[in-house]
Amino acid sequence: MPSKKTHNGSAAETEAAFYDALNRADLEALMALWADDDEIVCVHPGGVRLIGHAAIRASWAAILEHGGLHILPSQLHETHTLMSSVHTVIEGITAASGEPAHLVATNVYAKTPKGWRIVLHHVSMAPGPAPMDTHSQILH
């Protein structure tokens, strides 16, 4: 029997694997990126707070049953310590109308014996056009 693939890279690599799994609608790969802790949390846009593996897995299963999400994360802002990493990103999506839209996501990772794992994924609707990347601008 093949062993479950482990992901032992950086928090940024775990985040890339997370969005890749969402784009491919790979529920098993997606859930393998979450921490083993039952206190993990997920909040989908406009949704309730989901706590624990069972609730989070059920929500993703329902979302991914129609295929991948085609999310393009950008404008990463990260804050990290030796044991945790907090990432905020702009998630570029295509709305049901076909128009480009964006969401704002916060992803929190914890360093575990199995590598960096997701402990929180929280996404909010974002009004208006996607913000510009202010980190690339030089102000004098």
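Residues numbered from 1 in each chain as written. Predicted model: local features only at pLDDT ≥ 70, side-chain atom pairs only at ≥ 80, totals over all residues. Heavy atoms only, no water.

Per an unreviewed UniProt entry, the protein is named DUF3225 domain-containing protein, and its organism is Duganella alba.

Asks: Talk me through the packing of aromatic side chains; I want residue IDs and the actual numbers.
Replies: If you walk through the whole model with that rule in mind, you get two aromatic pairs. Judged by centre distance (5.0 Å) and plane angle (75°), the rings of F18 and Y19 are edge-to-face. The same class applies to F18 as to Y19, namely buried. Here the aromatic rings of F18 and W60 are separated by 6.1 Å at their centres, their planes lie at 80°, and the arrangement is edge-to-face. Taken together, the positions of F18 in helix 1 (residues 11-24) and W60 in helix 3 (residues 53-64) put the pair 42 residues apart, joining distant regions of the chain. The pair formed by F18 and W60 is uniform in burial state, with each residue classed as buried. One aromatic cluster is present, built from ring pairs that chain together F18, Y19 and W60. (Phe/Tyr/Trp six-rings, centres within 6.5 Å; stacked < 30°, edge-to-face > 60°. Buried < 20%, exposed > 50% of the residue type's maximum accessible area, 1.4 Å probe, protein only. Helix = DSSP H or I, 4+ residues; strand = E, 2+ residues; numbered from the N terminus.)

Asks: So, the pattern of salt bridges: which residues are in play, and what are the values?
Replies: According to the stated counting rule, one finds four salt bridges in the structure shown. Here R24 and D26 are joined by a salt bridge, their closest N and O atoms 3.0 Å apart. The exposure class assigned to R24 is partly exposed, which follows from its relative accessible area of 46%. Between D36 and K114 there is a salt bridge, and its shortest N-O distance comes to 3.0 Å. A residue pair is termed long-range when its members are at least 10 positions apart, and D36 in the loop between helix 2 (27-32) and strand 1 (41-43) and K114 in the loop between strand 5 (100-112) and strand 6 (115-125) qualify at 78 residues. Each of the salt bridges in this network shares a partner with another, and the network as a whole consists of D20, R24 and D26. (Salt bridge = Lys/Arg side-chain N within 4 Å of Asp/Glu carboxyl O.)

Asks: A description of the pairing of strand 5 should follow, citing residues and the corresponding values.
Replies: As paired strands, strand 4 (residues 84-94) and strand 5 are joined by 11 bridges and run antiparallel to one another. Within strand 5, the residue paired with V86 across the bridge is V108. Two strands pair when backbone bridges link them, and strand 5 and strand 6 are joined in this way by 10 bridges, in the antiparallel orientation. Looking across to strand 6, one finds that T106 is bridged to H122. Between strand 5 and the antiparallel strand that follows it, strand 6, lie two residues. (Pairing = 2+ DSSP bridges.)

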